[in-house]
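One letter stands for each residue in the lines below.
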Amino acid sequence: MKKGDKDVSAFFYTIYDNPTIPKDEIEKLKNNTPEYIWNLEYMAQESAYSGQMYDEFSRETNVEVIEMPEGSLAFRGVDWGMKHPTSCIFVKLDLSKKLIYVYDEYVKAGEICKVHAETITKMTGDTKVGWTVCDPTMAKRDPQTGRTDILEFSRYGVHMVAADNGDRGYDVVKMFLKTGMLKIHPKCRQTIIELENYQRGDAEGDDCLDPLRYVCLRIHDTINGMNHFEQAVGHSGQIEQRPKGVYNLFDHIFMGKRSEDSAAQWAMDMAGNDDD
C-alpha cells in the first residue's frame, strides 16, 4: 500500500459509532476505565502523554488540604532503600466520603533502619495506624544476619506486612485518581512531583509512588473482597459479622447507597460482586 493508492480506503471509528451499544453503557464504561485505555482502545487515539504512568493525576482534582474527620482509618506504606531513598507515605481513609488522603510523606536516603523507624514513629504521633504495608522484598532474610528488613523495622516499633507488588496496583491508583477518590496534601511535594513525571518503564523516580501503590491496592483488596474478610467495620464503628461476605469500598456496610455511584460499578466489577 502506498500513499495516494486509489484502491485502498481507510476508515476511522470510535465506540460512539457502534449503533448496537446504548449510550448509557458507553458512558458507564468510560467512567470505569483508566484514561489511557479509554483513549487508545475505545477512541483510537494515542495520547501525547502515553508514556506517563499516571496521566489521570491533576493538581486541580487531586491536590487539596482536607480536614479529615476524627476516627478516620490510618495506614502507612514503606519502601526501604539503600541506594535509593527510604520513603513512607501516611494515609487516612474516610469511608463515608469514599476518600483516600495522603496527608504526609517521608523521604530520606543514607540512614539505617533504626533512624528511619524512629522518624516514621515520630511523624505518626498519636495517630492509631491500622497497618503498615511495605515492599515485599523486605521480607527476604539477610544472608549475614538471618533477619529480614521487616523484622529490623519491627524492632524499632514500625510493624509491617509485605505488599502485593502486582501490576494491577497501577490501575487501582489510576482509577482512584480519575474518580477523585485519591487526594494528596500539597506539602507532599515529592509524591506530587513523581505523579506528574513518572514514565512507564522508568527504573527510578517512584520512591513515593511504590508505597502509594501498596497502600491503595491493600485498601482496595481489603474492602473490595479480593481478600475475603470475616469482619468489617460499619458506620457505627461496631464489628459486623459477614461469614462469607465479599466486601468492596461501596458495600452497604460502609457506604449505604453504593448503586447510585458510577465508580461503585468499577469496584463491584473488579470484585465480581453483585448488589446485595
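All residue numbers here refer to positions counted from 1 along the written sequence of the relevant chain. Local features in this predicted model are restricted to residues of pLDDT 70 or higher, and side-chain atom pairs are both shown and tallied only at a pLDDT of 80 or more, whereas totals for entire chains, interfaces and linings draw on every residue. Excluding hydrogens and water, the side-chain values take into account all heavy atoms of the structure.

**Some thoughts on the overall build of the chain**
- Strands here mean DSSP runs of E at least two residues long; helices mean DSSP runs of H or I at least four residues long; both are numbered from the N terminus. Each helix and strand counted, the chain has 9 helices and 8 strands in total.
- Across the 276 residues that make up the chain, the buried fraction comes to 44%.
- For the chain, the proportion of contacts with a sequence separation of at least 24, taken over those separated by at least 6, is 59%.
- The method behind every accessible area is Shrake-Rupley, applied with a 1.4 Å probe, and residues are considered shielded solely by the protein chains displayed. Here the chain has roughly 15,300 Å² of accessible surface; of this, 49% comes from carbon and sulfur atoms. Exposure classes here rest on a 1.4 Å probe applied to the protein chains alone. A residue is buried below 20% of its type maximum, exposed above 50%, and partly exposed in between. Contacts were defined at the residue level, with two residues in contact if any of their heavy atoms lie within 4.5 Å.

**Things to note about the confidence of the model for the chain**
- Known as pLDDT, the predictor's per-residue confidence is scaled from 0 to 100. Here the chain shows a mean pLDDT of 78. Residues at 70 or above account for 71%.
- For the stretch residues 226–276, pLDDT sits under 50, and the model shows 110 contacts to residues farther than four places along the chain or on other chains.

**Considerations on the nonpolar core**
- What is meant by a nonpolar core is a set of buried Ala, Val, Leu, Ile, Met, Phe, Trp, Tyr and Cys residues, joined one to another through side-chain atoms within 4.5 Å. Formed by 35 residues in total, the largest nonpolar core has its most connected members in Tyr54, Val102, Leu182, Leu195, Leu212, Val215 and Ile219.
- For this core, the elements supplying multiple residues, two or more each, are strand E2 (86–94), strand E3 (99–108), strand E4 (129–134), helix H6 (168–178), strand E6 (182–184), helix H7 (189–197) and helix H8 (209–224).
- If one sorts the elements of this core by residue count, H8 sits on top with 8 residues.
- Excluding its chain neighbours within four sequence positions, the residues that come into contact with Leu212 are Ile89, Val102, Val173, Leu182, Thr191 and Leu195.
- Of all hydrophobic cores here, the second largest spans 18 residues; its members include Cys113, Cys134, Phe153 and Val158.

**Notes on the sheet that holds strand E1 (residues 73–79)**
- For two strands to count as paired, DSSP must find a minimum of two bridges between them. Reading across the sheet, the 6 strands line up as E5-E4-E1-E2-E3-E6 and stay open at both edges, with mixed pairing between neighbours. The outermost strands of the open sheet, each flanked by one partner alone, are strand E5 (161–162) and E6.
- In this structure, E1 lies alongside E2, joined through 7 bridges in antiparallel fashion. Across the sheet, the residue bridging to Phe75 is Val91, located in E2.
- Sitting on the sheet, H7 touches E2, E3 and E6, and the angle it makes with E3 is about 105°. All axes are obtained by fitting lines to C-alpha atoms, using only the stretch in contact for helices, and the reported angles, taken between N-to-C directions, cover 0 to 180 degrees.

**As for the pattern of salt bridges**
- Salt bridges are defined as contacts in which a side-chain nitrogen from Lys or Arg sits within 4 Å of a carboxyl oxygen from Asp or Glu. All chains considered together, the criterion is met by 11 salt bridges.
- Note that Glu64 is salt-bridged to Lys183, the shortest N-O span being 3.6 Å. In this pair, Glu64 is assigned in the loop between helix H3 (59–62) and E1 and Lys183 in strand E6, connecting sequence segments 119 residues apart.
- On the accessibility criterion, Glu64 (36% relative accessible area) is partly exposed.
- Through salt bridges with shared partners, a single network forms among Asp55, Glu56 and Lys174.

**Quick word on the environment of Pro136**
- By secondary structure assignment, the location of Pro136 is in the loop between E4 and helix H5 (149–155).
- On a C-alpha basis, the gap between Pro136 and Asp149 in space is 10.0 Å, while along the polypeptide they are 13 residues apart.

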